[in-house]
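The residues making up each chain are set out below.
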Amino acid sequence: MIEKALTSVDVEFVTTLHGDESVSFHVLLQPRGDQADRLLRAIDDIALGELDEARREGETPEGEEARSVGQQALDVSVQALRAASSEAEGRLVEDHPLDALKSLVAEVGADEVIVLTDPHYVEEFFHRDWASRARHKVGVPVLKLFSHSKA
C-alpha cells in the first residue's frame, strides 16, 4: 500500500527485502485529497520543519484531478517494480482502503503487507495510520516502511 509514486530507492528497497526469494507485488494506492488529510499532512510538515510544504498543502489535487495524479503514480510504481524484474500489478483505491487491502490479501493469498509512506506523526501517535489499522484487519504481518526520498 502506497500513497505516492515509488522512487527508485523505494523500489530497490522493497524488491531486495526478501533476498533471492521470488516475490510479486500487488500495489494499492489511494489518491490524496480531502480536507482532514490536508490538515494532518500540514501538521506533519510543520513537525518536520518543512514550513514551505505545509503552506503548499492547499494545492493538493482533489476529486478527478487527484484520481488522475494517483493513477499516474500507480502506473509509474508498477512499471518501476516490473523494470526491477518483479511481478507487479496495481489498483487505485478510492473508498475504504483498508477494506480493499483486506480483500486483496484474501484474493491473492498474500503472505505479508508492506505499507510504504512518508511519516505521519499525528496519525502514528494515535495509531490511526494505515499500518497500525491494517495490523488489526488483514490477518497477515504488516511491515511499515518510510519512503526514502520525495517522488
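Counting restarts for each chain: residues are numbered from 1 in the order of the written sequence. Only residues with pLDDT of 70 or above have their local features reported here, since the model is predicted, and side-chain atom pairs are shown and tallied only from 80 upward, although totals for entire chains, interfaces and linings are computed over all residues. Calculated side-chain values reflect all of the structure's heavy atoms, with hydrogen atoms and water omitted.

As recorded in an unreviewed UniProt entry, the chain goes by Indole-3-glycerol phosphate synthase and comes from Streptomyces diastatochromogenes.

Undergrad: What should I look at first to understand the overall build of the chain in this one?
TA: Working definition: helices are DSSP H or I runs of at least four residues, strands are E runs of at least two. Numbering for both runs from the N terminus. Scanning the chain from N- to C-terminus turns up seven helices and four strands. Relative accessible area decides the class of each residue, using a 1.4 Å probe on protein chains only: under 20% of the type maximum gives buried, over 50% gives exposed, and in between gives partly exposed. Across the 151 residues in the chain, those meeting the buried criterion constitute 36%. For the chain, long-range pairs separated by at least 24 residues make up 77% of all intrachain contacts whose partners lie at least 6 apart in sequence. Accessible surface for the chain amounts to roughly 8,800 Å². Of this, 50% is attributable to carbon and sulfur atoms. The criterion used for residue contact is that any of the two residues' heavy atoms lie within 4.5 Å. To be clear on the numbers: accessible area is Shrake-Rupley with a 1.4 Å probe, and residue cover counts the displayed protein chains and nothing else.

Undergrad: Just to check I follow, could you spell out unusual backbone geometry for this structure?
TA: One can expect most non-glycine residues to show negative phi and most peptide bonds to be in trans. Even without being glycine, Ser-85 reaches a positive phi, approximately 65°. By the element assignment, Ser-85 lies in the loop between helix H4 (63-83) and strand E2 (87-92). Taking relative accessible area as the criterion, Ser-85 reaches 72% and is therefore assigned exposed. Positive phi values are uncommon outside glycine, yet His-96 reaches one of about 50°. Here His-96 lies in the loop between E2 and helix H5 (97-108).

Undergrad: Quick question: what am I supposed to make of the nonpolar core here?
TA: Throughout this description, the term nonpolar core refers to a set of buried Ala, Val, Leu, Ile, Met, Phe, Trp, Tyr and Cys residues connected via side-chain atoms within 4.5 Å. Of all hydrophobic cores here, the largest spans 16 residues; its most connected members are Ile-2, Leu-6, Val-14, Phe-25, Val-27 and Leu-81. Those elements that place two or more of their residues in this core are helix H1 (8-15), strand E1 (24-29), H4 and strand E3 (113-117). Per element, the largest residue contribution to this core is four residues, and it comes from H4. When sequence neighbours within four positions are dropped, the list of residues in contact with Val-27 reads Ile-2, Leu-74, Val-78, Leu-81, Glu-89, Gly-90 and Arg-91.

Undergrad: Explain the pattern of salt bridges to me, please; I cannot follow it from the model alone.
TA: Think of it this way: side chains of opposite charge can pair up when their charged atoms draw near. Salt bridges are defined by distance alone: a side-chain nitrogen of Lys or Arg within 4 Å of a carboxyl oxygen of Asp or Glu. The full count for this structure, using the stated rule, is three salt bridges. One salt bridge in this structure joins Arg-67 and Glu-94, with 2.7 Å as the shortest N-O distance. Note that Arg-67 is positioned in helix H4 and Glu-94 in the loop between E2 and H5, a separation of 27 residues in sequence. On the basis of relative accessibility, which here comes to 28%, the residue Arg-67 falls in the partly exposed class. Here Asp-99 makes a salt bridge to Lys-137, at a shortest N to O gap of 2.7 Å. Taken together, the residues span a long stretch of sequence, with Asp-99 in helix H5 and Lys-137 in the loop between helix H7 (130-135) and strand E4 (142-146) at a distance of 38 residues. You can call Asp-99 partly exposed: its relative accessible area is 35%.

Undergrad: Would you explain a nonpolar patch on the surface in this entry?
TA: There is a patch of nonpolar side chains on the surface, built from Phe-13, Leu-17 and Leu-143 and spanning about 200 Å² of accessible area. Within the secondary structure, Leu-143 is located in strand E4. Any residue with relative accessible area above 30% and no salt bridge may belong to a patch, with like charges joined within 9 Å and the nonpolar Val, Leu, Ile, Met, Phe, Trp and Tyr side chains within 5 Å.

Undergrad: Please explain the side chain of Ser-147 as it appears in this structure.
TA: Relative to the elements of secondary structure, Ser-147 occurs in the segment after E4. Among all residues touching Ser-147, those that are not within four sequence positions of it are Lys-4, Asp-10, Leu-116, Thr-117 and Asp-118.

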